[in-house]
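An overview of the molecular structure
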Amino acid sequence: MVSDLEEARAAAAAVTDPEVPVLTIEDLGVLRGVEEAGDGRVVVTITPTYSGCPAMEVIARQVEEAVRAAGFAAVEVRTVLSPPWTTDWLTEAGRRKLAEAGIAPPARTSRSGTGTRVPVALGLRCPRCGSTSTRIVSRFGATACKAVHACRACGEPFEEFKAL
Amino acid sequence: MTTAGSRPTPAGRPTPPGTGGAPTPPGNRATGVTSEDLVTYALRLGDDALIMAQRLGSLVTNLPELEEDLAVANIALDLLGQARALLTYAGQLEGKGRGEDELALERDEREFLNVQLVELPDRDFAVTMGRLLLFSTYQLGLYRALTGSRDETLAGVAAKAAKEVAYHRDHAEHWVVRLGDGTEESHARMQAGLAEVWPYGAELFEVDAVQERLERAEVAPDLAALRPGWESSIGEVLAEATLEPVETSWEPSGGRRGLHTESFGYLLAEMQHLRRSHPGARW
């Protein structure tokens, strides 16, 4: 049964984020657990990156399909909010894949979180030319998880997976 | 549930977010408060987020630049996500079979418990940003404190939302400073926008019998204790923006009891139109 569950886990882990398709939900830290319920169902637990992230519904559906396709008839996908997702859960592989796709990986978050200001990543590195002479264009981008920056050295705009 | 009233709910949606898989039993015994009080509280917080999301969402494509359209759409989306979790929870506690969609799209005006601040019309971009500053600063303090609530579902929603709201506040702060400490024209409009929304800020800290009971049960944070932080935090932004604090003794109120301003009916008509005209329509 253990090896079976590993197969279910592998199937769920390979599902990619529809909005950042270079990342799997395992890379993202969105996949929180794959367990077997007492009645033989496979229960997959996922957590949203942002409260309103529209990708969650697609991800939940794809996880269910993937685990079913791996041979498990009864699959339940649970969405939990707690503990809240943080970009610190991105795996090293995930951070590398982001950089390769031209998206700057997030800075590590400090866990203090008592001030009213959000952290600003200083000297964010341009994923195209490597320069740290960059400026922020907007803290909000094409998806909830990204900010938009521009590089002063190569002149190109680029996205940052913003720290949360 | 949608912000602009133009998109019905997708069919076959997974379980809405909660803190655990199984719904919390109504009347949450651990906290000792009645489920009526908890429903009221979840609706108050959920309606604040929902109506703010609706107001912001309806501005998209009308904002001063493309980046601003994206920013405001993202902020609205975060708030809509928070509203969905809170309204779903309210529906579970209520136990009448109403979900997030029924609560958002089938209640009448007098059943909405949001503060009047979030329903005010966006007459000017300065009003939008002044209001967002007051509201996001309040939400940030509230959600951070609510993280320690004895109600685990509310604590879970709050821990998630607090991190998002910090970005909303940051955005509002940048604009208020940029406009306030900008040209003569932008300064005057920012001051006027602030004057328009300021009186409605008091309602955010209103304490009635329900709030009192929830505070005593350590389900809701002590609002009186949050207010000084809210005032000083906004005061710092206003000083940096070279804006004058607004002096007023007028403190409109009533939203928490279902009393709303004139523009709210129009907002609901737009938000609920599709659902009411085509009951049961699926995406």
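See the structure printed just above.
Details of the overall build of chain B
- What chain B contains, in helices and strands, is 9 helices and 0 strands.
- Taken from the N to the C terminus, the helices and strands of chain B come in the order α-α-α-α-α-α-α-α-α.
- Per-residue burial over chain B gives 59% buried out of 283 residues.
- Taking the contacts inside chain B whose residues are at least 6 apart along the sequence as the reference set, 82% of them involve residues at least 24 apart.

Regarding helix α6 (residues 184–197) of chain B
Residues and elements named next belong to chain B.
- The end-to-end C-alpha separation of α6 is 20 Å, in line with the 20 Å expected for 14 residues at 1.5 Å each.
- Those residues of α6 that fall on the buried side of the exposure criterion are S186, M190, Q191, G193, L194 and V197. Summarising the axial view, the buried residues of α6 lie within an arc of 160°, below the 170-degree limit, and thus occupy one face.

Details of the pairing of strand β2 (residues 42–46) of chain A
Residue and element names in this part refer to chain A.
- Where burial is concerned, most of β2 is hidden: 5 out of the 5 residues are buried.
- Burial along β2 is two-sided: the face carrying V42, V44 and I46 and the face carrying V43 and T45 are both buried.
- Pairing of strand β1 (residues 31–36) with β2, which is carried by 5 bridges, proceeds in the antiparallel orientation. Following the sheet pairing, G33 is matched in β2 by T45.
- The hairpin turn running from β1 into β2, its antiparallel successor, is 5 residues long, and G40 in that turn takes a positive phi close to 90°.

Conventions and cut-offs
Residues numbered from 1 in each chain as written. Chains lettered and ligands numbered in written order. Predicted model: local features only at pLDDT ≥ 70, side-chain atom pairs only at ≥ 80, totals over all residues. Heavy atoms only, no water. Helix = DSSP H or I, 4+ residues; strand = E, 2+ residues; numbered from the N terminus. Buried < 20%, exposed > 50% of the residue type's maximum accessible area, 1.4 Å probe, protein only. Contact = heavy atoms within 4.5 Å. Expected span 1.5 Å × (residues − 1). Arc of directions from axis to C-beta. Pairing = 2+ DSSP bridges.

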